[in-house]
Structure formats: structure tokens, C-alpha cells
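Descriptive analysis of the structure
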Amino acid sequence: MSLVYQSIVAMNLVLQLVLVAALGFAVFLAKRRSFQRHCLVLRLAVVAQIVSIIAMMSPSMVRILEPGQPNALFRAEVLLHHGLGLAVILLWIYINLVFLGKLKARIATRRAMQAAAGIWVVSFILGLHIYLRLYY
């Protein structure tokens, strides 16, 4: 593995750790009823996550999922991680559209937020396992 690729992988790991910390901080802000700051932190975190997915994670996923690659269970784990990440982004879009008044809430927003946070944490843990499996 080249030094450039190793650096990108390490940067992504650090970014993911920062984003999980941001998620924790956003939960803290919500509990303190600082909702504007909560929303700002999460909007910045999700945008950074989307950029990370496009720039760093998608190219790796494409290589892992190429036909003929061994270990179907690992590939299933990667797909689950991917699906959970997409679910978080879709929930985030839904929550923002509800708060902007563009959609009528069909799911209680607090439950949607809790689901998004929980799914994000599970996806992070899976991603950490994928990282450790690929690089250690």
C-alpha cells in the first residue's frame, strides 16, 4: 500500500473519529436545549461525512465489491455498513425537510433523530471493524 493511500486512509479514520465526537457534542447540545447549535454541528458533520463517502470510502468499496473477490461475509458487512450510512443520510434529509416545513412529519422527529444517531454509531463501529480488517 502506497504512502499516499495510507495517508488518505488515516485521514479518513481521524475524520470519522472527529465526526463521532461531533455527534456526541450535538447530543450534549440538544440535552442542554441549544437547538440552533445542535443543528449547525450536525449539518456540518453530515456534509463532511458525505464528502468523505464520495472522496474516500466509495473508491475502496468499489474495489472490495469487484466480482471475484473472496469472502462473501466481509462483502456483506461492507454493504451493510454502506446501507446504514445511506439510511443516516436519508433520515438527516427527512429531519431537515420537516424542520424547514417542506414535509409533514410522519415519524416523530425525536425518534427519527434518535434512530439516525443510533444507526450512525452502529455504522461507525462496522466501519471501524472494516478498517481494522483491511489494514491490520
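Residues numbered from 1 in each chain as written. Predicted model: local features only at pLDDT ≥ 70, side-chain atom pairs only at ≥ 80, totals over all residues. Heavy atoms only, no water.

Here the focus is the overall build of the protein. When helices and strands are tallied, the protein shows four helices and zero strands. Dimensions along the principal axes, computed over C-alpha positions, put the protein at roughly 45 × 30 × 20 Å. Across the 136 residues that make up the protein, the buried fraction comes to 31%. By sequence separation, contacts in the protein at least 24 residues apart represent 63% of the contacts at least 6 residues apart. (Helix = DSSP H or I, 4+ residues; strand = E, 2+ residues; numbered from the N terminus. Buried < 20%, exposed > 50% of the residue type's maximum accessible area, 1.4 Å probe, protein only. Contact = heavy atoms within 4.5 Å.)

Let us now look at the side chain of Ser52. If you trace the backbone, Ser52 turns up in helix H2 (residues 35–64). With relative accessibility at 1%, the residue Ser52 sits in the buried group. Apart from residues no more than four positions distant in its own chain, Ser52 is found in contact with Asn12, Leu15, Gln16 and Met57.

Summed over the entire model, instances satisfying the criterion amount to four aromatic pairs. Relative to Tyr135, the ring of Tyr5 has its centre 6.2 Å away and its plane inclined at 55°; by these criteria the two rings are tilted. A residue pair is termed long-range when its members are at least 10 positions apart, and Tyr5 in helix H1 (residues 3–31) and Tyr135 in helix H4 (residues 109–135) qualify at 130 residues. For Tyr135, a relative accessible area of 22% corresponds to the partly exposed category. Here the aromatic rings of Phe25 and Phe28 are separated by 6.2 Å at their centres, their planes lie at 25°, and the arrangement is stacked. Note that Phe25 and Phe28 are positioned in helix H1 at a spacing of three residues, about one turn of the helix. Of the residues examined, Phe25 reaches a relative accessible area of 37% and is grouped as partly exposed. On the basis of relative accessibility, which here comes to 41%, the residue Phe28 falls in the partly exposed class. (Phe/Tyr/Trp six-rings, centres within 6.5 Å; stacked < 30°, edge-to-face > 60°.)

Here the focus is the nonpolar core. Formed by Leu19, Ala22, Leu23, Ala26, Leu29, Val41, Leu42, Ala45, Val46, Val88 and Trp120, the largest nonpolar core amounts to 11 residues. Broken down by secondary-structure element, the contributors of at least two residues to this core are H1 and H2. With five residues, H1 is the largest single contributor of residues to this core. Beyond its immediate sequence surroundings of up to four residues, Trp120 is in contact with Leu19, Leu23, Leu42, Ala45, Val46, Gln49 and Val88. Counting six residues, the second largest nonpolar core, distinct from the first, contains Leu91, Ile95, Val98 and Ala112. (Core = buried A, V, L, I, M, F, W, Y, C linked by side-chain atoms within 4.5 Å.)

Read these as layout, nothing more, since geometry by itself doesn't imply function.
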